[in-house]
Amino acid sequence: MVRSRDQSIDLEHLADYSRLCGFGLKATVPVTYPHILAFGLQLALLTDLRFPFPALGLVHIHNSITQHRPLRTSEPLDLEVWAANLRPHRRGRQFDVITTATIAGSVVWEECTTLLRRGVDHPRDTAGRPDPLPVGQVEWRLPTDLGRRYAAVSGDYNPIHLYGITARAFGFQRPIAHGMWSLARCLAELDGRLPDGYTMEAAFSKPILLPAKVAYATTMRGEVVRFALTDASEGTPHVGGTITPSAIAGTCERGTDQRSDGPSRGT
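Residues numbered from 1 in each chain as written. Predicted model: local features only at pLDDT ≥ 70, side-chain atom pairs only at ≥ 80, totals over all residues. Heavy atoms only, no water.

A few points about the overall build of the protein
So, step 1. Counting its regular elements, the protein contains five helices and 11 strands.
So, step 2. For the protein, the proportion of its 267 residues judged to be buried stands at 49%.
So, step 3. A separation of at least 24 residues holds for 72% of the contacts in the protein among residues at least 6 apart in sequence.
So, step 4. Looking at the protein as shown, the accessible area adds up to about 13,100 Å², and 51% of this sits on carbon and sulfur atoms. (Helix = DSSP H or I, 4+ residues; strand = E, 2+ residues; numbered from the N terminus. Buried < 20%, exposed > 50% of the residue type's maximum accessible area, 1.4 Å probe, protein only. Contact = heavy atoms within 4.5 Å. Areas by Shrake-Rupley, 256 points an atom, 1.4 Å probe, with all protein chains shown as cover.)

Okay, structure coming up:
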(Lines give C-alpha, C1' and ligand atoms only; values in the text may rest on other atoms or scores of the structure.)
Protein backbone atom coordinates (compact mmCIF):
# COMPACT_ATOMS: atom_id res chain seq x y z
CA MET A 1 0.00 0.00 0.00
CA VAL A 2 1.09 3.59 -0.62
CA ARG A 3 -0.41 6.57 1.14
CA SER A 4 -0.32 10.33 1.48
CA ARG A 5 -1.58 12.33 4.45
CA ASP A 6 -3.15 15.79 4.46
CA GLN A 7 -3.07 16.23 0.68
CA SER A 8 -4.18 19.81 0.08
CA ILE A 9 -5.68 21.07 -3.16
CA ASP A 10 -3.79 23.57 -5.31
CA LEU A 11 -6.53 25.87 -6.58
CA GLU A 12 -4.55 27.00 -9.63
CA HIS A 13 -3.89 23.41 -10.66
CA LEU A 14 -7.53 22.53 -10.03
CA ALA A 15 -8.61 25.40 -12.28
CA ASP A 16 -6.30 24.22 -15.09
CA TYR A 17 -7.68 20.69 -14.80
CA SER A 18 -11.28 21.87 -14.68
CA ARG A 19 -10.92 24.05 -17.78
CA LEU A 20 -9.29 21.27 -19.80
CA CYS A 21 -11.97 18.73 -18.86
CA GLY A 22 -14.96 21.08 -19.09
CA PHE A 23 -15.87 21.42 -15.41
CA GLY A 24 -16.99 24.70 -13.93
CA LEU A 25 -15.02 26.42 -11.16
CA LYS A 26 -16.69 26.18 -7.76
CA ALA A 27 -16.07 25.39 -4.09
CA THR A 28 -16.18 21.61 -4.62
CA VAL A 29 -13.82 19.46 -6.68
CA PRO A 30 -14.83 17.48 -9.80
CA VAL A 31 -15.56 13.85 -9.06
CA THR A 32 -12.54 12.72 -11.11
CA TYR A 33 -10.05 15.13 -9.52
CA PRO A 34 -9.04 12.92 -6.57
CA HIS A 35 -7.77 10.46 -9.19
CA ILE A 36 -5.32 13.17 -10.26
CA LEU A 37 -4.26 13.80 -6.66
CA ALA A 38 -3.61 10.08 -6.20
CA PHE A 39 -1.94 9.43 -9.56
CA GLY A 40 1.56 9.77 -8.15
CA LEU A 41 0.75 7.14 -5.52
CA GLN A 42 -0.73 4.83 -8.15
CA LEU A 43 2.39 5.22 -10.28
CA ALA A 44 4.63 4.55 -7.25
CA LEU A 45 2.74 1.31 -6.65
CA LEU A 46 2.87 0.16 -10.28
CA THR A 47 6.56 0.99 -10.76
CA ASP A 48 7.80 -0.53 -7.51
CA LEU A 49 10.33 -3.27 -8.24
CA ARG A 50 8.23 -5.74 -6.24
CA PHE A 51 5.16 -5.19 -8.41
CA PRO A 52 4.61 -8.25 -10.63
CA PHE A 53 3.83 -6.41 -13.90
CA PRO A 54 5.60 -3.56 -15.72
CA ALA A 55 3.57 -0.34 -15.78
CA LEU A 56 4.09 0.23 -19.50
CA GLY A 57 1.74 -1.96 -21.47
CA LEU A 58 -1.04 -2.12 -18.88
CA VAL A 59 -4.42 -1.28 -20.41
CA HIS A 60 -7.06 0.69 -18.52
CA ILE A 61 -10.33 -1.16 -19.19
CA HIS A 62 -12.73 -0.13 -16.43
CA ASN A 63 -13.20 2.54 -13.80
CA SER A 64 -15.59 2.84 -10.86
CA ILE A 65 -15.87 5.90 -8.62
CA THR A 66 -18.09 6.32 -5.58
CA GLN A 67 -18.50 9.83 -4.22
CA HIS A 68 -20.14 9.69 -0.81
CA ARG A 69 -20.48 13.46 -0.65
CA PRO A 70 -19.04 16.48 -2.49
CA LEU A 71 -15.45 17.31 -1.53
CA ARG A 72 -14.74 20.93 -0.76
CA THR A 73 -11.59 22.53 -2.13
CA SER A 74 -10.57 23.56 1.41
CA GLU A 75 -10.54 19.98 2.75
CA PRO A 76 -7.18 18.13 2.88
CA LEU A 77 -7.44 14.46 1.96
CA ASP A 78 -5.74 11.34 3.26
CA LEU A 79 -5.14 9.08 0.24
CA GLU A 80 -4.40 5.36 0.14
CA VAL A 81 -3.73 3.16 -2.89
CA TRP A 82 -3.34 -0.60 -3.14
CA ALA A 83 -3.74 -3.41 -5.67
CA ALA A 84 -6.13 -6.35 -5.35
CA ASN A 85 -8.16 -9.01 -7.12
CA LEU A 86 -5.78 -10.49 -9.68
CA ARG A 87 -8.04 -12.62 -11.86
CA PRO A 88 -8.39 -14.02 -15.40
CA HIS A 89 -9.50 -11.91 -18.33
CA ARG A 90 -10.37 -13.17 -21.79
CA ARG A 91 -7.20 -11.45 -23.10
CA GLY A 92 -4.86 -12.13 -20.22
CA ARG A 93 -5.10 -11.14 -16.55
CA GLN A 94 -6.71 -8.16 -14.85
CA PHE A 95 -6.45 -6.55 -11.44
CA ASP A 96 -7.80 -3.54 -9.57
CA VAL A 97 -5.98 -0.51 -8.24
CA ILE A 98 -8.06 0.72 -5.30
CA THR A 99 -7.86 4.34 -4.16
CA THR A 100 -9.62 5.89 -1.16
CA ALA A 101 -9.84 9.50 -0.01
CA THR A 102 -10.53 10.00 3.69
CA ILE A 103 -11.44 13.09 5.70
CA ALA A 104 -11.39 12.95 9.52
CA GLY A 105 -11.32 9.17 9.41
CA SER A 106 -14.30 8.77 7.07
CA VAL A 107 -14.00 7.55 3.47
CA VAL A 108 -15.60 10.22 1.30
CA TRP A 109 -14.45 9.04 -2.14
CA GLU A 110 -13.23 5.72 -3.54
CA GLU A 111 -12.13 4.41 -6.91
CA CYS A 112 -11.52 1.03 -8.53
CA THR A 113 -9.29 1.24 -11.61
CA THR A 114 -9.18 -2.06 -13.49
CA LEU A 115 -6.05 -2.72 -15.53
CA LEU A 116 -5.41 -5.48 -18.05
CA ARG A 117 -2.10 -7.26 -18.45
CA ARG A 118 -2.31 -8.81 -21.91
CA GLY A 119 -1.38 -12.47 -22.15
CA VAL A 120 -2.76 -15.73 -23.48
CA ASP A 121 -6.31 -15.33 -24.78
CA HIS A 122 -8.96 -17.44 -23.08
CA PRO A 123 -10.79 -19.70 -25.53
CA ARG A 124 -14.23 -18.42 -24.58
CA ASP A 125 -15.45 -14.92 -23.82
CA THR A 126 -17.78 -15.21 -20.84
CA ALA A 127 -18.61 -11.50 -20.70
CA GLY A 128 -22.28 -10.69 -21.04
CA ARG A 129 -23.70 -8.75 -23.97
CA PRO A 130 -23.53 -5.03 -23.11
CA ASP A 131 -26.59 -2.81 -23.24
CA PRO A 132 -26.85 -0.59 -26.33
CA LEU A 133 -25.11 2.74 -25.83
CA PRO A 134 -26.93 6.06 -26.06
CA VAL A 135 -26.81 7.56 -29.55
CA GLY A 136 -24.53 10.58 -29.98
CA GLN A 137 -26.24 13.92 -29.42
CA VAL A 138 -23.33 16.39 -29.23
CA GLU A 139 -20.13 16.31 -31.28
CA TRP A 140 -16.72 17.35 -29.98
CA ARG A 141 -13.54 17.89 -32.00
CA LEU A 142 -10.44 16.79 -30.10
CA PRO A 143 -7.08 18.34 -31.07
CA THR A 144 -3.85 16.49 -31.72
CA ASP A 145 -2.16 17.97 -28.64
CA LEU A 146 -4.92 16.95 -26.20
CA GLY A 147 -2.78 14.14 -24.77
CA ARG A 148 0.13 16.48 -24.08
CA ARG A 149 -2.17 19.05 -22.48
CA TYR A 150 -3.80 16.46 -20.23
CA ALA A 151 -0.39 14.99 -19.34
CA ALA A 152 0.68 18.42 -18.11
CA VAL A 153 -2.19 18.60 -15.59
CA SER A 154 -2.44 14.89 -14.70
CA GLY A 155 1.22 13.84 -14.57
CA ASP A 156 0.42 10.89 -16.87
CA TYR A 157 3.15 11.10 -19.52
CA ASN A 158 2.60 7.66 -21.00
CA PRO A 159 4.20 7.96 -24.47
CA ILE A 160 1.10 6.59 -26.23
CA HIS A 161 -0.62 9.91 -25.48
CA LEU A 162 2.07 12.38 -26.53
CA TYR A 163 3.27 12.22 -30.15
CA GLY A 164 2.75 10.08 -33.21
CA ILE A 165 6.32 8.78 -33.10
CA THR A 166 6.04 7.70 -29.46
CA ALA A 167 2.58 6.20 -29.96
CA ARG A 168 3.76 4.16 -32.96
CA ALA A 169 6.34 2.45 -30.76
CA PHE A 170 3.39 0.89 -28.92
CA GLY A 171 1.32 0.00 -31.98
CA PHE A 172 -0.79 3.16 -32.44
CA GLN A 173 -0.63 5.19 -35.63
CA ARG A 174 -1.45 8.42 -33.79
CA PRO A 175 -1.41 9.53 -30.15
CA ILE A 176 -4.48 8.49 -28.19
CA ALA A 177 -6.54 10.46 -25.69
CA HIS A 178 -6.25 9.54 -22.02
CA GLY A 179 -9.16 7.42 -20.88
CA MET A 180 -9.49 9.50 -17.73
CA TRP A 181 -9.76 12.69 -19.78
CA SER A 182 -12.53 11.10 -21.86
CA LEU A 183 -14.34 10.01 -18.71
CA ALA A 184 -13.92 13.39 -17.02
CA ARG A 185 -15.19 15.21 -20.11
CA CYS A 186 -18.31 13.04 -20.15
CA LEU A 187 -19.00 13.67 -16.48
CA ALA A 188 -18.37 17.41 -16.88
CA GLU A 189 -21.41 17.56 -19.15
CA LEU A 190 -23.49 16.43 -16.16
CA ASP A 191 -21.85 18.78 -13.66
CA GLY A 192 -24.45 20.35 -11.37
CA ARG A 193 -27.14 17.83 -12.34
CA LEU A 194 -26.03 14.85 -10.25
CA PRO A 195 -26.86 14.00 -6.62
CA ASP A 196 -24.35 14.61 -3.82
CA GLY A 197 -23.62 10.89 -3.54
CA TYR A 198 -23.46 8.40 -6.41
CA THR A 199 -21.51 5.58 -8.00
CA MET A 200 -20.14 5.88 -11.53
CA GLU A 201 -19.17 2.79 -13.54
CA ALA A 202 -17.44 3.12 -16.92
CA ALA A 203 -15.91 0.74 -19.45
CA PHE A 204 -13.26 1.79 -21.98
CA SER A 205 -13.43 0.33 -25.48
CA LYS A 206 -11.77 1.61 -28.66
CA PRO A 207 -8.98 4.16 -28.04
CA ILE A 208 -9.51 7.68 -29.39
CA LEU A 209 -6.84 8.42 -32.00
CA LEU A 210 -6.04 12.14 -32.06
CA PRO A 211 -7.17 14.33 -33.69
CA ALA A 212 -10.71 13.02 -33.55
CA LYS A 213 -14.38 13.87 -33.77
CA VAL A 214 -16.48 12.13 -31.13
CA ALA A 215 -20.17 12.11 -30.19
CA TYR A 216 -21.47 12.34 -26.63
CA ALA A 217 -24.91 11.22 -25.44
CA THR A 218 -26.87 10.53 -22.26
CA THR A 219 -30.14 8.77 -21.44
CA MET A 220 -32.10 8.08 -18.25
CA ARG A 221 -33.37 4.68 -17.08
CA GLY A 222 -35.32 5.36 -13.91
CA GLU A 223 -32.86 7.17 -11.64
CA VAL A 224 -29.81 5.82 -13.45
CA VAL A 225 -27.99 8.03 -15.97
CA ARG A 226 -26.32 6.29 -18.90
CA PHE A 227 -23.65 8.07 -20.93
CA ALA A 228 -21.48 7.25 -23.91
CA LEU A 229 -18.71 8.66 -26.06
CA THR A 230 -18.52 7.19 -29.55
CA ASP A 231 -16.77 7.80 -32.86
CA ALA A 232 -18.81 10.50 -34.59
CA SER A 233 -18.47 8.88 -38.02
CA GLU A 234 -18.59 5.15 -37.34
CA GLY A 235 -20.48 5.01 -34.03
CA THR A 236 -17.93 2.65 -32.48
CA PRO A 237 -17.77 3.03 -28.68
CA HIS A 238 -14.93 4.72 -26.81
CA VAL A 239 -16.42 5.05 -23.31
CA GLY A 240 -19.76 3.90 -21.91
CA GLY A 241 -21.02 4.08 -18.37
CA THR A 242 -23.72 4.57 -15.77
CA ILE A 243 -24.27 6.86 -12.80
CA THR A 244 -26.39 5.50 -9.96
CA PRO A 245 -27.51 7.58 -6.94
CA SER A 246 -26.19 6.32 -3.60
CA ALA A 247 -29.73 5.62 -2.42
CA ILE A 248 -29.97 2.72 -4.88
CA ALA A 249 -26.27 1.91 -5.49
CA GLY A 250 -23.76 -0.20 -3.62
CA THR A 251 -20.32 1.13 -2.83
CA CYS A 252 -17.13 0.31 -4.70
CA GLU A 253 -16.65 -3.15 -3.21
CA ARG A 254 -13.98 -4.66 -5.45
CA GLY A 255 -10.80 -5.02 -3.45
CA THR A 256 -11.91 -3.09 -0.37
CA ASP A 257 -11.06 -5.99 1.95
CA GLN A 258 -8.28 -7.56 -0.14
CA ARG A 259 -5.34 -5.19 0.20
CA SER A 260 -2.13 -6.49 -1.28
CA ASP A 261 1.08 -6.94 0.64
CA GLY A 262 2.78 -4.60 -1.80
CA PRO A 263 4.93 -1.59 -1.00
CA SER A 264 3.94 0.78 1.80
CA ARG A 265 5.26 4.31 1.48
CA GLY A 266 4.31 7.46 3.31
CA THR A 267 4.56 10.87 1.63
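Digging into the pairing of strand β4 (residues 92-103)
So, step 1. Burial within β4 is extensive, with 11 of its 12 residues counted as buried.
So, step 2. In terms of strand pairing, strand β3 (residues 77-89) meets β4 through 10 bridges, oriented antiparallel. The residue of β4 that forms the bridge with histidine 89 is glycine 92.
So, step 3. Linking β3 back to β4 in an antiparallel pair, the connection comprises two residues.
So, step 4. Taken together, the 12 bridges between β4 and strand β5 (residues 106-118) define a ladder with antiparallel strand orientation. When the bridges of β5 are listed, threonine 100 appears paired with glutamate 110.
So, step 5. Turn length for the β4-β5 hairpin, with the two strands adjacent in sequence and antiparallel, is two residues, and the turn residue alanine 104 shows positive phi of about 50°. (Pairing = 2+ DSSP bridges.)

Some remarks on helix α3 (residues 146-154)
Since there are 3.6 residues in each turn of an α-helix, residues three or four apart along the chain are aligned in direction.
So, step 1. Residues of α3 that are buried: Leu146, Gly147, Tyr150, Ala151, Val153 and Ser154.
So, step 2. Packed against the buried residues of α3 are α1 (11-21), α2 (33-47), β6 (138-142) and α5 (179-188).
So, step 3. Just beyond α3, the residue with positive phi is glycine 155, at close to 85°.

Regarding the confidence of the model for the protein
So, step 1. Summary statistics for the protein give a mean pLDDT of 89 and a share of 87% for residues scoring 70 or more.
So, step 2. Overall, residues 251-267 carries pLDDT values under 50, and its contacts beyond four positions in sequence, including any with other chains, amount to 52 contacts. (pLDDT = per-residue confidence, 0-100.)

A word on the environment of histidine 13
So, step 1. Relative to the helices and strands, histidine 13 resides in helix α1.
So, step 2. The exposure class of histidine 13 is partly exposed, given its relative accessible area of 24%.
So, step 3. Spatially, the C-alpha atom of histidine 13 lies 7.1 Å from that of valine 153, the residues being 140 residues apart in sequence.
So, step 4. Within the structure, histidine 13 has its side chain in polar contact with the backbone oxygen of valine 153 (distance 2.6 Å). (Polar contact = N/O pair within 3.5 Å; in protein donor to acceptor, adjacent residues only side chain to side chain.)

What to know about the packing of aromatic side chains
So, step 1. Going through the model one piece at a time under the given rule, you end up with seven aromatic pairs.
So, step 2. Between phenylalanine 51 and phenylalanine 53, the ring centres sit 6.5 Å apart and the planes meet at 75°, which makes this aromatic pair edge-to-face.
So, step 3. A residue is classified by how much of its surface remains accessible, and phenylalanine 53, at 8% relative accessible area, is buried.
So, step 4. On the basis of an interplanar angle of 25° and a centroid distance of 5.7 Å, the ring pair of phenylalanine 53 and phenylalanine 95 is categorised as stacked. One end of the pair, phenylalanine 53, is in the loop between α2 and β2 (59-67); the other, phenylalanine 95, is in strand β4, with 42 residues separating them in the sequence. (Phe/Tyr/Trp six-rings, centres within 6.5 Å; stacked < 30°, edge-to-face > 60°.)

Considering the nonpolar core
So, step 1. Judged by nonpolar contacts, the single largest core of 61 residues is most densely connected at Tyr17, Phe95, Tyr150, Met200, Phe227 and Ile243.
So, step 2. Not counting the four nearest positions on each side in its chain, phenylalanine 95 is found in contact with Leu46, Phe51, Phe53, Leu58, Ala83, Ala84, Asn85, Leu86, Arg87, Thr113, Thr114 and Leu115.
So, step 3. In this structure, Met1, Trp82, Ile98 and Cys112 belong to the second largest nonpolar core, which totals five residues. (Core = buried A, V, L, I, M, F, W, Y, C linked by side-chain atoms within 4.5 Å.)

Considerations on the environment of alanine 169
So, step 1. The residue alanine 169 is located in the loop between α4 (164-168) and α5 in this model.
So, step 2. Linking alanine 169 and proline 159, residues 10 residues apart in sequence, is a C-alpha distance of 8.6 Å.

Here's the deal with unusual backbone geometry
So, step 1. The amide bond that connects leucine 210 to the next residue, proline 211, takes the cis arrangement and shows omega of -5°.
So, step 2. Relative to the helices and strands, proline 211 resides in the loop between β7 (198-204) and β8 (212-221).
So, step 3. Not every positive phi belongs to a glycine, and aspartate 6 is a case in point at roughly 50°.
So, step 4. Checked against the element boundaries, aspartate 6 lands in strand β1 (residues 2-7).
So, step 5. You will see that alanine 104, though not glycine, has its phi angle at about 50°, which is positive.
So, step 6. Note that alanine 104 resides in the loop between β4 and β5.
So, step 7. Take alanine 104: its relative accessible area is 79%, and that puts it in the exposed class.

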